[in-house]
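# Survey of secondary and tertiary structure
What follows is each chain in one-letter form.
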Amino acid sequence: LILQEDHGLPLVAVSVFYRVGSAHEPAGRSGFAHLFEHLMFTGTERVPDGGFDEILEASGAWSYASTAEDYTEYHEGGRGLLLPTMLWLEADRMEALGDAVTQEKLDIQREVVRNERREGYDNAPYGPAEIVLYERLYPRGHPYHEHVIGSHEDLQKASLEDVRSFFARTYVPSNASIAIVGDFDTEPTIALVERLFESLPRGEALPAGPPRPATLERAERLSLRDDVRLPRITSAWHTPALSADGDADLDLVAAVLTDGKSSRLGWRLVHEEAIATEVVAWQESRRYGSIFRMDVQVADVAYLDRVEEIVREELQAMRTTEVSSEELDRARASYLHDELSLRQGLVERAELLNLYD
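A brief report on the enclosed structure follows. (Residues numbered from 1 in each chain as written. Predicted model: local features only at pLDDT ≥ 70, side-chain atom pairs only at ≥ 80, totals over all residues. Heavy atoms only, no water.)

### Some details on the sheet that holds strand E7 (residues 276-284)
- Reading across from one edge, E6-E8-E7 is the order of the 3 strands in this open sheet, with antiparallel pairing throughout. Edge positions in the sheet fall to strand E6 (232-239) and E7, since each of these pairs with one other strand and no more. Each neighbouring strand pair of the sheet contributes to a mean axis angle of 10 degrees, computed without reference to strand direction.
- One ladder, built from 8 bridges, connects E7 with strand E8 (residues 290-298); its direction is antiparallel. Paired with Val279 across the strands is Val296, a residue of E8.
- The strands touched by helix H5 (residues 127-137) within the sheet are E6, E7 and E8, with E6 carrying the most contacts at an inclination of about 35 degrees.
- Set on the sheet, helix H10 (residues 264-272) makes contact with E7 and E8; between it and E7 the angle comes to about 160 degrees. (Pairing = 2+ DSSP bridges. Helix = DSSP H or I, 4+ residues; strand = E, 2+ residues; numbered from the N terminus. Axes fitted to C-alpha atoms, helices over the stretch in contact; angles between N-to-C directions. Contact = heavy atoms within 4.5 Å.)

### Notes on the environment of Glu37
- Positionally, Glu37 belongs in helix H1 (residues 32-39).
- When its relative accessible area of 12% is taken as the criterion, Glu37 is described as buried.
- Sequence separation between Glu37 and Lys261 is 224 residues; the distance between their C-alpha atoms is 39 Å.
- Discounting chain neighbours no more than four positions away, the residues touching Glu37 are Ala65, Ser66, Thr67, Thr72, Tyr74 and Tyr171.
- A polar side-chain atom of Glu37 sits 2.6 Å from a polar atom in the side chain of Thr67. (Buried < 20%, exposed > 50% of the residue type's maximum accessible area, 1.4 Å probe, protein only. Polar contact = N/O pair within 3.5 Å; in protein donor to acceptor, adjacent residues only side chain to side chain.)

### Side note on the pairing of strand E3 (residues 62-67)
- Residues Ser63, Ala65 and Thr67 point to one face of E3 and are all buried, whereas Trp62, Tyr64 and Ser66, pointing to the other face, are not buried.
- As paired strands, E3 and strand E4 (residues 72-79) are joined by 6 bridges and run antiparallel to one another. Counted as the bridge partner of Tyr64 is His75 from E4.
- The turn joining E3 and E4, which pair antiparallel and follow one another in sequence, is formed by 4 residues.

### Brief notes about empty space enclosed by the protein
- Under the counting rule described, the total for this entry stands at 1 cavity of 30 Å³ or more.
- Its volume calculated, the largest cavity comes out at about 60 Å³.
- Met40, Phe41, Thr42, Gly43, Thr44, Val47, Phe52, Leu89, Asp92, Arg93 and Leu97 are the residues that line the largest cavity.
- With 4 residues, helix H3 (residues 83-100) is the single largest residue contributor to the lining of the largest cavity.
- In terms of residue class, the lining of the largest cavity is built from 6 nonpolar, 3 polar and 2 charged. (1 Å grid on protein atoms, 1.4 Å probe; cavity = no way out; pocket = protein on both sides within 12 Å on 5 of 7 lines; lining within 4 Å. Points joined across faces, edges and corners; volume = space filled by probe spheres on them. Nonpolar A, V, L, I, M, F, W, Y, C, P; charged D, E, K, R; others polar.)

Laid out in structure tokens, this is it:
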């Protein structure tokens, strides 16, 4: 339990992290973590289907959920006086949702997720490349080989017993943390959490050992055809894990290369030579190893080779010449501005506290 009182506004945010993401799915069960993100809103005996959101929204509160490689997160936000309701709802589904999942609920949400894959990846511009990128960067059997969305085949063959077993193993107090930020008092809140959650079976902690770092034996190149207006070049490299040495440095590398008109690649590709319409780079920080990624939207297929040439030149310059203090100060200021702005939101702060934990 992670608490941060902030009485600036009469609002409160609750973030519940379950340490289960696509990295924790058994072989042949890709997409289970994301599927359960949907199933967690299908109702329990005490709060039937749709009741979770109805209760919150009737009082002006809101809820949301997301799934990543390393965790699944659920949060609520609203007036401080709703904190007991938010926590009761979370405790109810942590205790009872597994038994409440029926074949009908599973079938409905399975199709929702499969349609989400069709709309967001299979039939979306550049979408298939997102799936292939993971498969090529990580070998089969590595926790990050499968995309979070999962495969149609694995989702289709999921049985009710499989889903209930997955819930019983992962949606337990020993595998969860709760962060609360906002207008509350610490001591009564601790007592409330103990009263609501202490009786729930703790469960067994999941194995925490990281896999061997993923590497590529050689550089890989892959061309995909898609029905898009402009070609795109995506480059990705294996990089240090979340909070490891080098992780933060690469956030600044990305900013120096692509953040704003005066960035090295932004200036050359978009403004000076006008052979790209957009260039963006970022460090995807993850627990078991990160990815440094760069996407360049190329103005015309005729410019592909020239774009790659400029990218190689600028990456080599980053390796061999010192970044100027002006560039670094600008990148750092921009990054810190975004991070500090993010921390103004109670929900965002609760999520970050859980992530750091």
